[in-house]
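What follows is the residue order along each chain.
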Amino acid sequence: MTSATQNPIADYVQQARGFLQKAYDYLEQGDLHQASEKGWGAASHMAKAVGLARNWPYDNHSEYRRLMRQATEATGNDTLRFLHGRAEQLHMNYYERAQFLDAGTIRQDIDGMRELLAIMEPLLGDALK
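Draft legend 1. Expanded view of the packing of helix 1 (residues 8-29) against helix 5 (residues 103-120). Between helix 1 and helix 5, the shortest axis-to-axis distance is 11 Å and the interhelical angle comes to 165 degrees. For the element pair helix 1 / helix 5, the angle class is roughly antiparallel. Crossing of helix 1 over helix 5 shows left-handed handedness. Counting all contacts with helix 1, which are made through Ala16, Arg17, Leu20, Ala23, Tyr24, Leu27 and Glu28, the residues of helix 5 involved are Ala103, Ile106, Arg107, Ile110, Asp111, Met113, Arg114 and Leu117.

This is the structure we're talking about:
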């Protein structure tokens, strides 16, 4: 496997996995804002990895949506359509007042980000080898 410092795709994947773990850590600490934002970060960084591997540009939020549509078509897995929306909801949680955040819903959404990473990983092809 190529070192993440030498391979930007591997670096994005490593960051995505790290953000996912931090999302669970923050959730256990009760910091729902940070848990949400790290869940979003996991999805966003995996999308960046896939974008690089597939030559699909991803430089802004609207390109994230386009890339996720492409990923849904490429995998044939319509679950991505739902999960990428849950990622965006996690991102929006950061701007909500704490009293409106629900730990159970955020846990489900973070669990969805674990699934999103697993569905998207095959799109990386040989980029991590």
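Draft legend 2. The arrangement of the packing of aromatic side chains in detail. Summed over all chains, the structure comprises 3 aromatic pairs. Ring geometry for Trp40 versus Tyr64: centroids 4.9 Å apart, planes at 70 degrees, classification edge-to-face. Taken together, the residues span a long stretch of sequence, with Trp40 in helix 2 (residues 32-54) and Tyr64 in helix 3 (residues 61-75) at a distance of 24 residues. With relative accessibility at 0%, the residue Tyr64 sits in the buried group. Between Tyr58 and Tyr64 the ring centres are 5.9 Å apart and the planes differ by 45 degrees, which places this aromatic pair in the tilted class. Three or more aromatic residues joined by ring pairs form one cluster here, namely Trp40, Tyr58 and Tyr64.

Draft legend 3. Here's a closer look at helix 3. An ideal rise of 1.5 Å per residue puts 21 Å on 15 residues; helix 3 measures up with 21 Å between its terminal C-alpha atoms. The inward-facing, buried residues of helix 3 abut helix 2, helix 4 (79-93) and helix 5. The first or second residue beyond helix 3 is Gly76, which carries a positive phi of 70 degrees.

What counts and what doesn't
Residues numbered from 1 in each chain as written. Predicted model: local features only at pLDDT ≥ 70, side-chain atom pairs only at ≥ 80, totals over all residues. Heavy atoms only, no water. Axes fitted to C-alpha atoms, helices over the stretch in contact; angles between N-to-C directions. Helix = DSSP H or I, 4+ residues; strand = E, 2+ residues; numbered from the N terminus. Parallel < 35°, antiparallel > 145°, perpendicular 65-115°, else oblique. Left-handed = near helix turned anticlockwise from the far one by under 90°. Contact = heavy atoms within 4.5 Å. Phe/Tyr/Trp six-rings, centres within 6.5 Å; stacked < 30°, edge-to-face > 60°. Buried < 20%, exposed > 50% of the residue type's maximum accessible area, 1.4 Å probe, protein only. Expected span 1.5 Å × (residues − 1).

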